[in-house]
Amino acid sequence: MNETLNKFFHFLDASPTSWHAAKEIGRQLTECGFAPLSETESWQLEKGTGYFVVRDGSAVAAFRLPKKKAKRALLLASHLDSPALKLKPIADVGGEVSQFFTEIYGSPLLHTWLDRDLALAGRALVKTKEKPLESLLVYLKEHPLIIPSLAPHLDRSIGEKGLQINKQDHLRPIASLAKNPLMLEEMLRRHISFEELLAHDLFLVPLEKAAFLGPEKEMIASYRLDNLTSAFAMLFALTNSKPLDDALQICVFFDHEEVGSESFLGAASSFLNQLLDRIALHEGISGDELFCFKNRTWCISADAAHGYHPNFSDRFDPKNAPCLGKGVVLKTNAQQRYATSATSAAPLIQICKDRKLPLQTFASKSDIPSGSTVGAIVSAVCGIPTVDIGIASLAMHSIRETISSEDLIGLLTLLKEVIHYAPKS
Ligand code: CO
């Protein structure tokens, strides 16, 4: 267990943003014999072999062909992005101290970004001596920044109401006390060499590393547990599995879930459907057979779930609130914000019963609207029955979320079982 959790910590360390996570997933897949494919080139595929494709650096789809002609697929879906603060295209504020303009990506718990050691991470599109256009990953750990909050002496209402954060004015990190209108470019030049900076996607991420909490290391606290827990478990399942007889195994890691999934890289994009169609073409599945293939497929969508919070017990349904440490969560919602149905959930419940794996149920309190994730979208866009699962977390969308170590191991074990399960036709 400890070795796997150490690997998870390494995965978190290597993945401050979705671009870094996609690169790390590609690295691990390559190490396990999966071959990279490009969406812009034609493919040659062999039976029983694994491949992966990356779209625009931050959405990944990995798959393994079965030994015989594919008749169905097992699909695991998650996302690699997390809520954060993002630098604006023209980022330097140009004031008396060096600060950057930011905007909000997704719905972070804003106050948790204040008074933290932060770093810029993401990618820079640059012109170099060798190439007219190059995309470089950056993680400027050696140049910490901070967004200071306001002392209560300067606003007595803070004690009662909390700091009221203005998104335009109050979320500018301080990079230096020196006046430098070209601060961002200088910071980047200290880490990467380029002739011209053309564009960038840079997020403010915490420098504090993941840590175990509790005397038995029973909890893990970190940034981006939503949804790197699921991404890691999917990757673990795929890289520790064998090819099936006639079922394709697919793991898809989308970007842009936190901003609604409707993008080139999100679950509502053509990425997955195109992948399925291209594989079908190579497998000689066409016409009526293709519809049968998609309808026989089963998707497991994995994303973080809201765990029962003992300080806010009134926010939960008394019986349908999952607790940290009590197993993987089956997420349901009558409004179909989660794709789970009795038919899509039943095989999963059966696997858990057979393997004696604990499974809990989540349904939100009836006067609190439910969250959602990629499951409902994949299900609708591709016409694939889907079940939504995940592990319970506290303070979802905080810069430091908390989960149970045991639940993560539970998710790894479950997905390892699922990836060998061929749904019946
Ligand atoms: Co999520």
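Being a predicted model, the structure only gives us computed values, none of them experimental. (Residues numbered from 1 in each chain as written. Predicted model: local features only at pLDDT ≥ 70, side-chain atom pairs only at ≥ 80, totals over all residues. Heavy atoms only, no water.)

**A look at the packing of helix α1 (residues 2-14) against helix α2 (residues 18-31)**
Stage number 1. Taken N-terminus to C-terminus, the directions of α1 and α2 make an angle of 135°; their axes are 8 Å apart at the nearest point. Compared by their axis directions, α1 and α2 come out oblique. Where α1 approaches α2, its residues H10, F11 and A14 are matched on the opposing element by H20, E24, I25, R27 and Q28.
Stage number 2. Its residues assigned to classes, the contact of α1 with α2 shows three nonpolar, three polar and two charged. (Axes fitted to C-alpha atoms, helices over the stretch in contact; angles between N-to-C directions. Helix = DSSP H or I, 4+ residues; strand = E, 2+ residues; numbered from the N terminus. Parallel < 35°, antiparallel > 145°, perpendicular 65-115°, else oblique. Contact = heavy atoms within 4.5 Å. Nonpolar A, V, L, I, M, F, W, Y, C, P; charged D, E, K, R; others polar.)

**A short note on the side chain of E401**
Stage number 1. Take E401: it is sitting in strand β20 (residues 401-404).
Stage number 2. The side chain of E401 sits in the buried core without any salt bridge; R224 is the nearest counter-charge, 8.6 Å away.
Stage number 3. In this structure the side chain of E401 is engaged in a polar contact, spanning 2.7 Å, whose partner is the backbone nitrogen of H397.
Stage number 4. Leaving out residues up to four positions away in the same chain, E401 has contacts with I220, A221, S222, R224, L225, D226, L394, A395 and M396. (Buried < 20%, exposed > 50% of the residue type's maximum accessible area, 1.4 Å probe, protein only. Lys, Arg positive; Asp, Glu negative; His and termini not counted. Salt bridge = Lys/Arg side-chain N within 4 Å of Asp/Glu carboxyl O. Polar contact = N/O pair within 3.5 Å; in protein donor to acceptor, adjacent residues only side chain to side chain.)

**So, the domain arrangement of the chain**
Stage number 1. Split by domain assignment, the chain resolves into domain 1 (2-82 + 223-418) and domain 2 (94-206).
Stage number 2. With centres defined by C-alpha atoms, the gap from domain 1 to domain 2 works out at 31 Å.
Stage number 3. For the pair domain 1 and domain 2, the summed buried area comes to about 1600 Å², and 69% of that belongs to carbon and sulfur atoms.
Stage number 4. At the junction of domain 1 with domain 2, the criterion picks out one salt bridge.
Stage number 5. For R123, the salt bridge identified is with D56, shortest N-O distance 3.4 Å.
Stage number 6. Counting across the interface, domain 1 meets domain 2 through six residue pairs in polar contact (both at pLDDT 80 or more).
Stage number 7. Considering each element in turn, the side of domain 1 that touches domain 2 owes the most residues, three residues, to α2.
Stage number 8. Here the side of domain 1 that touches domain 2 is composed, by residue class, of seven nonpolar, six polar and seven charged. (Domains from an automatic or database assignment. Buried area = accessible area lost by both parts, 1.4 Å probe.)

**Observations concerning the sheet that holds strand β15 (residues 305-306)**
Stage number 1. Read from one edge to the other, the open sheet built from five strands follows the order β11-β12-β20-β19-β15, with strand pairing classed as mixed. In this open sheet, the two edge strands, each paired with only one partner strand, are β11 (211-213) and β15.
Stage number 2. Each of β11 and β12 (219-222) is contacted by α1, which is oriented at about 10° to β12, the strand it contacts most.
Stage number 3. Strands β12 and β20 of the sheet are contacted by helix α5 (residues 225-239), whose axis makes an angle of about 35° with β20. (Pairing = 2+ DSSP bridges.)

**Let's talk about the sheet that holds strand β9 (residues 174-176)**
Stage number 1. With respect to topology, six strands assemble into an open sheet ordered β8-β7-β10-β5-β6-β9, the strand pairing being antiparallel. Two strands close off the open sheet at either side, each with one partner strand: β8 (134-139) and β9. For this sheet, the mean inter-axis angle between neighbouring strands, taken without regard to orientation, is 30°.
Stage number 2. Here six bridges tie strand β7 (residues 118-127) to β8, and the two strands are oriented antiparallel to one another. Of the residues in β8, the one forming a bridge with R123 is L137.
Stage number 3. Against the sheet, α2 makes contact with β7, β8 and β10 (196-206), and its axis sits at roughly 105° relative to β8, the strand it touches most.

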